[in-house]
Amino acid sequence: MLNRKKITTLGLIIVLVVSFLISGCSQKSNNHQDDLNKDSTEEQAEISSNDNGAELSEANDDMSGVTNTDISSFSDIAENIAEKVKLHWPHMDKVWPGYDYTKHNLILFYSDELGSIKEAWLINSEGSRQLDAKEFEDITPPQPDGFAPLQFEDKPSIAMNLDDISLTQGDAAEQTYRTATHELVHFYYHVDGLTDAEGSRFQKFPIDKTPRLYRAMVYKNLREAFFAPDLAEDHLAKAKYWYEKWKSEFNDEYEDIKGTDIIEGTARYIENIGSFITDQTSDEDFVKGAAASIDYSAFFSTADAESYEIGYLSALLLDRNNPQWKESFYESGKTLEETLFENISEKEEEIDATLEKNATQEIETINSQTESDISELIKAQEDSTIPYLKINVTKSDGSFSAHSMLEYNNDLVITFFNNSYRVEQKDLNVNDIAVIDQAEQDNLFIIVPLTMEHKLEDGILTVDTKELEVPGLKVEESKDGERTIYNLEVEQ
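Residues numbered from 1 in each chain as written. Predicted model: local features only at pLDDT ≥ 70, side-chain atom pairs only at ≥ 80, totals over all residues. Heavy atoms only, no water.

### Focus on the overall build of the protein chain
A count of helical and extended segments in the protein chain gives 14 helices and 18 strands. In the protein chain, which comprises 492 residues, the share counted as buried stands at 58%. (Helix = DSSP H or I, 4+ residues; strand = E, 2+ residues; numbered from the N terminus. Buried < 20%, exposed > 50% of the residue type's maximum accessible area, 1.4 Å probe, protein only.)

In structure tokens form, the structure reads like this:
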């Protein structure tokens, strides 16, 4: 039986378009990412890339007034990314021993509003060139702003896709480069078993402010330790106090998020350092470049949003205190924070009153908004006459966009889920709605409550709404208690 608490949700990488709840995977430096997003700040930039960009819905609205002169040239952005790749990727072994980014390709697609690919580039540390259509005709590009692993010209590679909305972002080249650098870590460098570690990125809802405050105090002290080396010992002692208090009082959350702390903390570190590393980077340049990527958000509203930034600062402080720490880090099974705090004694501290006040207000706002965001799903949970569309997405390999990942009423819920799937050579589109994430044995599913208008005739399901587009697909009908389930399987 597949454990549903695997941190690799759906076997996919998450692109947080905007995330108050997820900082990224990639978090596009985002945090996600969000984000991706930073991912919570977007990952500066996830998701915190933090994957905090503008919401997808807002971006779509903004595009209505965009003219061609507002959109940066895709070729210019591709060339900008290629310059960054050529400058930094040959030196990624200085960021983490054994990381060889010269063996990777970035395949960058440009798609129009209908999803048709208009242009594609091959980018690697040796240079770049535009691809002929025949060279990528057998590749299924990820959705816009998405990414996916692939083999191209016998190299482990990453595919990414930009559209006109992407090109309106002033930092499109930087964020695309950062996301590629970040996701390559997950795809090809995290040790076997690490990305399958037990744990959950789903935030319990309603959100409890207390564990978020404890981790915010960890982050606050880590940041102060970095910028005030003479006072670092005191700040690290306080940071450990809050870390141990959180770990003791919220041990279930600690166990859930530990894997995410490791994989996203290290990936954020590699992404950020990979944004400036060269063969000429001095110790002074390193500190200056590292500081430029520090997220100044005072508070993150979810545990996994914290994973990126707490991990990044912990890694920087480990660089300062124990330069050889990377040699056995993954094998230790410890988080970056635990490694940093190994020889530190705790020092008790009062919580920051201003931080607590602001956090309380933010959590109340988020809880209220989220309840509205999942209202249709709540309605379906309470009414078993509403059927579910259960989509087997096991064969889907790529990214999806989302806003938050919640654990609510025993369901794992993804809000503002957005993705496209191929079924019977047709496109099934899920557009910015709350869905249930579920796993059974070796299969992964997205469940969509059919609260919208839909039609079933002779086993053929048709839905034509802004939330869901099912273009006449054959479904198998089953029952879960009194509820009707329509089942189908995606091809890719």
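### Topic: the pattern of salt bridges
Applying the stated criterion across every chain yields a total of 25 salt bridges. In this structure, Glu407 and Lys204 form a salt bridge, with 3.2 Å as the shortest nitrogen-oxygen distance. With a gap of 203 residues between them, Glu407 in strand 10 (residues 404-408) and Lys204 in strand 7 (residues 203-204) connect regions that are remote in the sequence. Among the ionic pairs, Glu224 bridges to Lys220, the shortest N-O distance being 3.2 Å. With a gap of 4 residues between them, Glu224 and Lys220 both fall in helix 6 (residues 209-227), about one helical turn apart. Among the charged side chains, a salt-bridge network with shared partners connects Lys84, Glu174, Arg178, Arg268, Glu271 and Glu309. (Salt bridge = Lys/Arg side-chain N within 4 Å of Asp/Glu carboxyl O.)

### What to know about the environment of Val218
Within the fold, Val218 resides in helix 6. Spatially, the C-alpha atom of Val218 lies 7.7 Å from that of Ile310, the residues being 92 residues apart in sequence. The residues contacting Val218, other than those within four sequence positions of it, are Ala239, Trp242, Tyr243 and Ile310. (Contact = heavy atoms within 4.5 Å.)

### Things to note about helix 9 (residues 283-292)
Three or more residues of helix 9 are buried, namely Gly289, Ala290 and Ala291. Here the buried face of helix 9 lies against helix 6, helix 8 (251-273) and helix 10 (303-321).

### Some remarks on the sheet that holds strand 4 (residues 127-130)
Strand order across the open sheet formed by 5 strands is 4-3-2-6-5, with mixed pairing between neighbours. Either end of the sheet is taken by a strand with one partner, and the two such strands are strand 4 and strand 5 (147-152). With strand direction ignored, the average angle separating the axes of adjacent strands in the sheet is 25 degrees. Of the pairings in the sheet, the one linking strand 5 to strand 6 (residues 155-162) comprises 6 bridges and is antiparallel in character. Bridged to Pro149 within strand 6 is Ile158. Against the sheet, helix 2 (residues 74-88) contacts strand 2 (105-111), strand 3 (117-124), strand 4 and strand 6, and its axis sits at roughly 15 degrees relative to strand 3. Where helix 5 (residues 172-188) meets the sheet, its contacts fall on strand 2, strand 5 and strand 6, and the angle it forms with strand 6 comes to roughly 140 degrees. (Pairing = 2+ DSSP bridges. Axes fitted to C-alpha atoms, helices over the stretch in contact; angles between N-to-C directions.)

### Things to note about the pairing of strand 6
Strand 6 sits mainly inside the fold: 7 of its 8 residues count as buried. In the sheet, strand 2 pairs with strand 6 via 6 bridges, with the strands oriented parallel. Along strand 6, the bridge assignment pairs Ile107 with Ala159. With antiparallel pairing between neighbouring strands as the criterion, strand 5 and strand 6 make up a hairpin whose turn holds 2 residues, including Glu153 at a positive phi of roughly 55 degrees.

### Comments concerning the environment of Asp319
Tracing the backbone shows Asp319 in helix 10. Judged by relative accessible area, which is 19%, Asp319 ranks as buried. Taking the C-alpha atoms as reference points, Asp319 and Leu340, separated by 21 residues in sequence, lie 9.7 Å from one another. For Asp319, the contacting residues outside a window of four places in its chain are Tyr269, Phe286, Trp325 and Lys326.

### Looking at helix 7 (residues 232-249)
Relative to the 26 Å expected for 18 residues at 1.5 Å per residue, helix 7 spans 26 Å between its end C-alpha atoms, a close match to the ideal helical length. Taken together, the buried positions of helix 7 are occupied by Ala232, His235, Leu236, Ala237, Lys238, Ala239, Lys240, Tyr241, Trp242, Tyr243 and Trp246. If you follow the buried residues of helix 7, they end up packed against helix 6, helix 8, helix 10 and helix 12 (336-340). (Expected span 1.5 Å × (residues − 1).)

### Quick word on unusual backbone geometry
Along the chain, Phe205 connects to Pro206 via a cis peptide bond; the corresponding omega equals 0 degrees. Along the chain, the position of Pro206 falls in the loop between strand 7 and helix 6. Notably, Asp154 is not glycine yet its phi reads approximately 65 degrees, a positive angle. Since its relative accessible area comes to 77%, Asp154 is described here as exposed. For Asp432, which is not glycine, the phi dihedral falls at a positive 55 degrees. Relative to the elements of secondary structure, Asp432 occurs in strand 12 (residues 426-440). Judged by its relative accessible area of 26%, Asp432 falls in the partly exposed class.

### Structural notes on the packing of aromatic side chains
Applying the stated rule across the entire model yields 28 aromatic pairs. Judged by centre distance (6.2 Å) and plane angle (70 degrees), the rings of Tyr269 and Trp325 are edge-to-face. Pair noted here: Tyr269 is in helix 8 and Trp325 is in the loop between helix 10 and helix 11 (329-332), with a separation of 56 residues, a long-range link. Neither Tyr269 nor Trp325 differs from the other in exposure class; each is buried. Connected via pairs of aromatic rings, a cluster forms that spans Trp89, Trp96, Tyr99, Tyr101, Tyr177, Tyr189, Tyr269, Tyr312, Trp325, Phe329 and Tyr330. Its end group placed over the ring of Phe445, Lys390 keeps NZ or CZ at 4.6 Å from the ring centre. Taking the ring centre of Tyr388 as reference, the NZ or CZ of Arg483 above it sits at 4.1 Å. (Phe/Tyr/Trp six-rings, centres within 6.5 Å; stacked < 30°, edge-to-face > 60°. Lys NZ or Arg CZ within 6 Å of the ring centre and 35° of its normal.)

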